[in-house]
Amino acid sequence: MSGDATNKPPKTIDYFVNGDAQSTNEHKLAVKAILENAGFKPAADYELSRDEGDHAFSDLNELVPIHKDERFTATHKAPTPVS
């Protein structure tokens, strides 16, 4: 046995956005990708924050390390009109 780890399939990492389960094989994702994969489009209309530590990400291109069962919140930036 060579012990070559490159033959292993990529590990799936499960995480949550606004309570909805998401998954990725990547160790880091751009803020834009996290928002869009969770259905928040256009991503520029939303702010993403990490629930633990309450850290808000302002740059859509910032790469965010993804950890197992990590939780994020997407918040719409513009006020919702009331009729």
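Note: the structure precedes this text.
The model shown is predicted, which means the values in this text are computed figures rather than measured ones. (Residues numbered from 1 in each chain as written. Predicted model: local features only at pLDDT ≥ 70, side-chain atom pairs only at ≥ 80, totals over all residues. Heavy atoms only, no water.)

**Here's the deal with the sheet that holds strand β4 (residues 46-50)**
Taken together, the 5 strands give an open sheet; going across it, the order is β2-β1-β7-β4-β5, and neighbouring strands pair in mixed fashion. Edge positions in the sheet fall to β2 (20-24) and β5 (55-57), since each of these pairs with one other strand and no more. In this sheet, adjacent strand axes meet at a mean angle of 35° when their direction is disregarded. Sheet topology places β4 next to β5; 3 bridges connect them, and they run antiparallel. Within the sheet, the bridge partner assigned to Ser49 lies in β5 and is Ala56. (Pairing = 2+ DSSP bridges. Helix = DSSP H or I, 4+ residues; strand = E, 2+ residues; numbered from the N terminus. Axes fitted to C-alpha atoms, helices over the stretch in contact; angles between N-to-C directions.)

**A few points about the packing of aromatic side chains**
A full pass over the atoms with the stated rule returns 2 aromatic pairs. On the basis of an interplanar angle of 65° and a centroid distance of 5.1 Å, the ring pair of Phe40 and Tyr46 is categorised as edge-to-face. Given the relative accessible area of 16%, Phe40 is considered buried. (Phe/Tyr/Trp six-rings, centres within 6.5 Å; stacked < 30°, edge-to-face > 60°. Buried < 20%, exposed > 50% of the residue type's maximum accessible area, 1.4 Å probe, protein only.)

**Quick look at the side chain of Arg50**
Mapped onto the elements, Arg50 comes out in strand β4. Within the structure, Arg50 has its side chain in polar contact with the backbone oxygen of Pro65 (distance 3.2 Å). In this structure Arg50 touches His55, Phe57, Val64, Pro65, Glu70, Arg71 and Phe72, once residues within four positions along its chain are discounted. (Polar contact = N/O pair within 3.5 Å; in protein donor to acceptor, adjacent residues only side chain to side chain. Contact = heavy atoms within 4.5 Å.)

None of this, on its own, says anything about what the molecule does.
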